[in-house]
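Read off the chains here:
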Amino acid sequence: MTSSRLPIRRALLSVSDKSGIVPFAQELVALGVELLSTGGTFALLKKEGIRVTEVADYTGFPEMMGGRVKTLHPKIHGGLLGRRGEDDAVMAQHGIEPIDLVVVNLYPFAEVTKKDDCSLAHAIENIDIGGPSMLRSAAKNHQSVAVLVRSADYGGVIDALKQGGLTQAMRFDLAVRAFEHCAAYDSGIANYLGARLPAQQPFARTFNAQWHKSLDLRYGENPHQQAAFYSEAQPPAGSISVARQRQGKALSYNNIADGDAALECVKCFDLPACVIVKHANPCGVAQTEEGLCEAYLRAFNADSESAFGGIIAFNRELDGKTAQAILERQFVEVIIAPSASEEALTVLASKPNIRLLECGTWDKPAQSLELKKVSGGLLVQTADICADEQQNVVTTRAPSEQERADLLFAWKVAKFVKSNAVVYAKDGQTLGIGAGQTSRVGSARIAGERAALAGLSLKGAVMASDAFLPFADGIERAAEQGISAVIQPGGSMRDNEVIAAANAHQIAMLFTGVRHFRH
Ligand SMILES: NC(=O)c1ncn([C@@H]2O[C@H](COP(=O)(O)O)[C@@H](O)[C@H]2O)c1NC=O
């Protein structure tokens, strides 16, 4: 690539989002650039006293069909696509003037179709045709033409023009951005219309998406793997993707994966809560009215061995006392909270390697689709959120109020533990978590072992199982450990035997009717 700079003699401005266009146009005119513009943009520039020619006057064709045809004319596309030095004669023959800069942002299809009351006809009228056509023409001819799709680039272009023009590298970068913009735009249209094809709901024939790189990571899950972090164009508020790092070493692939697991889990609780995650599984979770520090202490005490090197998430602002309690107890990789107080920042500053993320607040659990790559394919599913979850008492004895509160707490945790998941809990604290085992009774055994190791009694504690207990042995084992109440989906062929075993041990049991496998 050469480093030759491209001066701009003529620019075409056609923008739906008109923010920043007036000062930009003023600067262009001051630099001697001749402006062409479409109806609405033209009217705005004219009103501001800027020298500009309407595209309709330049082409000799009025805008027509309610704006469907404005710039789709050889004098526009010839001016964009003509190869300077090669097509000059044919351009002159047809009265086509070169256009060196195109500034276009498209009809807001995504914003319009997000609204519940958007009709198909309205969505279709918001499919921009002329805009993407100009972007593609200009981007294809980036050797001679510059193309802008974002107001964020206006300043840089003016600076470059003041230095004699846009470099080839800059034009190439802008051209790639224009094609990325068109790809995202067309993906949105294909997904929206595709979801309306008969027999394709709720998943369209193709899955089109665009993610934006937000971070190059030092390495992947292991040091020999390369990795980067990409975000959605509009990630949900309060998610790991919008979190701001306040201090600490660069984030790793595993930090982000585990941070996401911890954060999404802690969001489930209303009381001040703490979730400690290791290798994508919660190892200690607690919620309490006694505040964040107490929640942390209980989560830590649930399994202090596993908490070493963990990721800690909170659902309230991190305060100085809690930050201090963490530093006194453990090595921590990442702390995530909606925000951190000045005092907490001061405390953590003494350990500059600890990564601290402020994720901001959230409204409700994210509803976005879950994606999982497999070899040669992509699994797509809706989020694990179910409106029909029940709490049916299936045993002779109903759970007490305290047991019910603990059961619901344990159930929320179990949803975030890899299957087979068994969670023992009491008084808003996990006592033992069995994660990712190939047998459910194996997970129960491990949960019991973790509780014993932490010196926590299971007497009067509750148990949550993410899927049905297939045999009565799960209840027998729970009873041996002192468990007094159980929550599980139900649905086993042997539910009757499982319920009978619970009744025999005076165990209260709730069936949710909903399973929460997690892989
Ligand atoms: N039909 C066309 O030839 C055409 N040319 C440009 N546009 C779009 O019209 C919009 C700007 O319109 P206005 O300047 O009238 O507000 C831009 O989003 C631009 O991408 C067009 N509209 C839709 O395709």
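Note that the structure is predicted; figures quoted are calculated from it, not measured.

(A) Representation of the UniProt feature "domain: MGS-like" (unreviewed entry) in the protein in the model. In the numbering adopted here, UniProt assigns the feature "domain: MGS-like" (unreviewed entry) to residues 4-149. The span residues 4-149 carries 42% helix and 14% strand; its end-to-end C-alpha distance comes to 22 Å.

(B) Here's a closer look at the layout of surface pockets. In this structure, the second largest pocket encloses a volume near 370 Å³. Those elements giving two or more residues to the lining of the second largest pocket turn out to be β1 (10-15), α2 (39-47), β4 (101-105), α7 (120-125) and α8 (130-140). Per-element tally for the lining of the second largest pocket: the top contributor is α8, with three residues. Its residues assigned to classes, the lining of the second largest pocket comprises nine nonpolar, eleven polar and five charged.

(C) A look at the nonpolar core. In this structure, F24, L28 and L35 are the most contacted members of the largest nonpolar core, which totals 56 residues. A total of seven residues in this core trace back to one element, the largest contributor, which is helix α10 (residues 168-194).

(D) Seen up close, the pairing of strand β17 (residues 422-426). The buried count for β17 comes to four of five residues, which makes it a mostly enclosed element. Bridge analysis of β17 against strand β18 (residues 429-434) gives five bridges, and the strand direction is antiparallel. Pairing of V422 across the sheet is with G434, part of β18. Two strands pair when backbone bridges link them, and β17 and strand β19 (residues 462-465) are joined in this way by four bridges, in the antiparallel orientation. Across the sheet, residue V422 finds its bridge partner in β19, namely S465.

(E) Spotlight on the sheet that holds β1. With respect to topology, five strands assemble into an open sheet ordered β3-β2-β1-β4-β5, the strand pairing being parallel. The sheet is open, and its two edges are formed by β3 (53-54) and β5 (146-148), each paired on a single side. Of the pairings in the sheet, the one linking β1 to strand β2 (residues 34-37) comprises four bridges and is parallel in character. Paired with L13 across the bridge in β2 is S37.

(F) Representation of the side chain of Q429 in the model. Inspection of the secondary structure assignment puts Q429 in strand β18. Excluding anything up to four places from it in sequence, Q429 contacts V285, A286, R298, N301, A302, F409 and Y424.

(G) Fine view of the site of the ligand. As a structural note, the neighbourhood of the ligand is formed by 23 residues, with T38, T41, R68, T71 and D128 the closest of them. T38 is positioned with one of its side-chain polar atoms (N or O) 2.6 Å from an oxygen atom of the ligand. D128 is positioned with one of its side-chain polar atoms (N or O) 2.7 Å from an oxygen atom of the ligand. Protein contacts shield 95% of the accessible area of the ligand, which totals 540 Å² for the unbound molecule. Those elements giving two or more residues to the shell around the ligand turn out to be β1, α2, β4 and α8. For the shell around the ligand, the residue count by class is eight nonpolar, eleven polar and four charged.

(H) Spatial organisation of the environment of D466. Summarising the element assignment, D466 is placed in the loop between β19 and α18 (473-481). Note on D466: relative accessible area 0%, which makes it buried. In sequence terms D466 and V514 are 48 residues apart; their C-alpha atoms lie 8.7 Å from each other. In contact with D466, not counting residues within four places along its chain, are W411, A414, V417, S419, N420, A421, R440, P489, R515, H516, F517 and R518. At 2.5 Å, the side chain of D466 and the side chain of S419 are in polar contact.

(I) View of the side chain of T41. Mapped onto the elements of the fold, T41 is located in helix α2. Beyond its immediate stretch of four places on either side in the chain, T41 contacts L13, S14, V15, K18 and I21.

Cut-offs used in this document
- Residues numbered from 1 in each chain as written.
- Predicted model: local features only at pLDDT ≥ 70, side-chain atom pairs only at ≥ 80, totals over all residues.
- Heavy atoms only, no water.
- UniProt positions renumbered as here; feature names shortened; annotations may be inferred.
- Helix = DSSP H or I, 4+ residues; strand = E, 2+ residues; numbered from the N terminus.
- 1 Å grid on protein atoms, 1.4 Å probe; cavity = no way out; pocket = protein on both sides within 12 Å on 5 of 7 lines; lining within 4 Å.
- Points joined across faces, edges and corners; volume = space filled by probe spheres on them.
- Nonpolar A, V, L, I, M, F, W, Y, C, P; charged D, E, K, R; others polar.
- Core = buried A, V, L, I, M, F, W, Y, C linked by side-chain atoms within 4.5 Å.
- Buried < 20%, exposed > 50% of the residue type's maximum accessible area, 1.4 Å probe, protein only.
- Pairing = 2+ DSSP bridges.
- Contact = heavy atoms within 4.5 Å.
- Near = heavy atom within 4 Å.
- Polar contact = N/O pair within 3.5 Å; in protein donor to acceptor, adjacent residues only side chain to side chain.
- Areas by Shrake-Rupley, 256 points an atom, 1.4 Å probe, with all protein chains shown as cover.

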